[in-house]
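What the coordinates show
Next come the chains, spelled out residue by residue.
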Amino acid sequence: MQGLKKRGSWNGHFVALAAYFIYSLVLVDHGISLTRYLAGEGTDPYIYLWFLAWWPYAIAHHLPLLTSPLLWSPLGVSVPWLTSIPALALLFAPLTAIAGPVVTYNVLIIAAPALCAWLAYLVCFRLTDDRAASLVGGFLFGFSSYEMAQNTSALNLSAVFCVPALLLVVLSRLGGSLTRRRAVAFAALLLTMQFYTSVEVFALIFVFGGIAWMFAYLYLAAQRPALRLLFTDALVTAPFVIVAAGPFLVAMARTAWQLHLPDAWPYYFTADLLDLVIPSRENLFGAPFLSLSRHLDGDVHEQDIYLGLPLLFLIWHFAREQGGRPQGRLLVACFLAFLICSFGPRLWIAGHYSPIVLPWSLAMHLPLLHNALPARFALFVALTTAIIAALWIARAERRWARLAFGMICCVTLLPQPHPWRALPRMALFAPGEIESVLGPNPRILILPFAINGPSSFWQMENRFGFTQTGGYLGFPPAPMQKYPVVGELFGNYVRPDFAAEFARFCWATGTQYVAVGPGANPEMVASIAALDWPTKKIDGVMIVSVQPQ
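A brief report on the enclosed structure follows. Note on numbering: residues in each chain are counted from 1, in written sequence order. Where totals are concerned, whole chains, interfaces and linings use all residues; where local detail is concerned, this predicted model gives features only for residues with pLDDT of at least 70, and gives and counts side-chain atom pairs only at 80 or more. Side-chain figures throughout are based on the complete set of non-hydrogen atoms in the structure, without hydrogens or water.

Focus: the overall build of the protein chain
Here a helix means four or more residues in a row that DSSP labels H or I, a strand means two or more in a row labelled E, and each is numbered from the N terminus. Looking only at helices and strands, the protein chain features 24 helices and eleven strands. Atoms considered for the radius of gyration are the C-alpha atoms alone. The globule rule reads 2.2 Å times the number of residues to the power 0.38. In terms of overall size, the protein chain behaves like a compact globule, its C-alpha atoms giving a radius of gyration of 25 Å where 549 residues would be expected to give roughly 24 Å. Dimensions of the protein chain along its principal axes, counting C-alpha atoms only, are 80 × 50 × 50 Å. Burial classification: accessible surface area is computed with a 1.4 Å probe over protein chains only, and a residue below 20% of its type maximum counts as buried, one above 50% as exposed, and the rest as partly exposed. Counting only residues that meet the buried cut, the protein chain has 56% of its 549 residues in that class. By element, 67% of the accessible surface of the protein chain is carried by carbon and sulfur atoms, the whole surface being about 22,500 Å². Lys and Arg are tallied as positive, Asp and Glu as negative. Neither His nor the chain termini are counted. A single reference atom marks each charge: NZ on Lys, CZ on Arg, CG on Asp, CD on Glu. Once the 33 positive and 27 negative side-chain charges of the protein chain are each reduced to a mean point, those two points are 14 Å apart. Only the protein chains shown count as cover for residues, with accessible areas throughout obtained via the Shrake-Rupley method and a probe of 1.4 Å.

A look at the sheet that holds strand β9 (residues 513–516)
Pairing between the strands of a sheet comes from backbone hydrogen bonds, and it takes one of two forms, parallel or antiparallel. By this definition, two strands are paired if DSSP reports at least two bridges between them. The five strands lie next to each other as β8-β7-β9-β11-β10, forming an open sheet whose pairing is mixed. The strands lining the two open edges of the sheet, one partner per strand, are β8 (467–468) and β10 (535–538). Relative to β8, strand β7 (residues 443–447) runs parallel, the two being bridged by two bridges. Within β8, the position partnered with Ile444 by the bridge is Gln468.

With respect to a nonpolar patch on the surface
Residues enter patches when their relative accessible area tops 30% and they take part in no salt bridge; the joining distance is 9 Å for like charges and 5 Å for the nonpolar side chains Val, Leu, Ile, Met, Phe, Trp and Tyr. Whenever Lys or Arg places a side-chain nitrogen within 4 Å of a carboxyl oxygen from Asp or Glu, that contact is recorded as a salt bridge. A cluster of nonpolar side chains, Ile59, Leu65 and Leu90, forms an exposed patch at the surface whose accessible area comes to about 230 Å². With respect to the helices and strands, the residue Leu65 is situated in the loop between α3 (44–60) and β2 (67–68). Judged by its relative accessible area of 32%, Leu65 falls in the partly exposed class.

So, the pattern of salt bridges
Under the counting rule described, the total for this entry stands at eleven salt bridges. Between Arg395 and Glu397 there is a salt bridge; the shortest N-O distance is 3.4 Å. Of the charged contacts in the structure, one is a salt bridge between Arg425 and Glu461, with a shortest N-O distance of 2.6 Å. Of the two residues, Arg425 is situated in the loop between β6 (420–422) and α20 (433–438) and Glu461 in helix α21 (residues 455–461); the sequence distance between them amounts to 36 residues. Arg425 sits in the partly exposed class, given a relative accessible area of 46%. Judged by its relative accessible area of 18%, Glu461 is buried. Overlapping salt bridges bring together Glu321, Arg395, Glu397 and Arg402 as one network.

A look at the nonpolar core
The term nonpolar core refers to a set of buried residues drawn from Ala, Val, Leu, Ile, Met, Phe, Trp, Tyr and Cys, joined through side-chain atoms within 4.5 Å. Ranked by size, the top nonpolar core spans 177 residues in total, and within it Phe51, Leu447, Phe502 and Val514 carry the most contacts. Per-element accounting of this core gives the leading share, 17 residues, to helix α6 (residues 101–128).

Focus on α6
Between its terminal C-alpha atoms α6 stretches 40 Å, which fits the 40 Å expected from 28 residues at 1.5 Å a residue. The sharpest bend along α6 comes to roughly 30 degrees, located at Ala111, with the proline Pro113 sitting one to four residues further on. Counting buried residues in α6 gives 25 out of 28 residues, a clear majority hidden from the surface. With its phi angle positive at about 55 degrees, Asp129 sits one or two positions after the end of α6. Expected helix span is taken as 1.5 Å per residue step, with the number of steps being one fewer than the number of residues. Working definition for bend: take the seven residues up to and ending at a residue and the seven starting at it, fit an axis to each, and measure the angle between the axes.

This is how it looks when you write it as structure tokens:
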């Protein structure tokens, strides 16, 4: 952008990009084969593999793009309500066609932190005109606790490079280096890209961007005319984004009845007060604190707001030095507001749900926002922190000491080596194999069920030659939750009436076969065996033929 051209050589900026990519390659890949192993842990990565393969497949086979009957048959799933990453899937479709979805996914997981770091670096450089300080700021965002936690399981929440890119557009527009036409074009493009990568992050941009704009209008009196122009720019941008997102928005409105997430999630998946200073097991220095961090609320992938004492000290020192200036007050106010929101409706302290009610409790009465998981607001805390750190380091007083301290802050955020696992390939789920045994497009329920196993990977690996009467691309659709056995299957537990309820579910959904793969719950397998349905074993998978009612 023009403002950056005036402030520094793009050669230096591309050197920074290369440095971030090399670091990300070492940190995330560390010599692992991109073709034989899969980055991350848990079963969520299989969701993104499924969609990376499905979007090109659906387009090539002229299938409906907004619904898919391949999972949770006969109801199917509403694609826009899922983490379907169409922007990434279509942009990287050529790589998927050449190397397969596993390689594409691994490349994206390596690229996401580097791109986030680089765009945050450009934001910091736009504000400081200091390359070293900006490099630290970029690192603190791109390799933040938020980014490293989400990078192990949630590609849609890790690929958030549009957020700092959008902030760069805003700063360039406020600085006068972008015309309205260009600002609107860039903003519309970035918002559309973000919408089709993560609807959740897209929505949060307006929530936290709105908070930041209000604080800016309050504290930056000299910038109020420019901020009013920026608001007008946003109004001009909105129709373009609405038109671009229209197909998804219409489909989401029509299928909203399929969405029902657990009411407890926004109260449980929040930042714990101790998360700020206690590193999780994902952090390089987290091992000595496992006795504490394992008791904090949320799973490890949502314990993503760790800053550490050095970085908190830096923020405190910045507040003391610059909190009396308009820019300083703005950043401190944004940091505190975003941080308090990330604690959720009520404050968790050391794994205990306290009676302290917080401002986000007001959002629990709003449509859609009541489903947002506050732990993920750490994205905006991390970006604000990166900017604060860069501005603090860039000050002339005790320059080298500040830079050294900034580097210490970076060290405290270093993560554990990125987890990888072997691909859970099964011969029966190779392309065309299961159809040759069970006939064309068989309707199958796979165990381990949904989140408990790689059923989505097996369907993707088979190239969508069979339909699932379950599956995992997210939480079960609301109409399927009415079946008691779905809760047992999803939660991987067995009640006394499991067998009878399981049979009813199979009959209601038209399930033809139950495929029992490695890792299935033995109690479930025994309960299904008690139904005395015909069974055979093929390539390590037990196939149970569902008998008529």
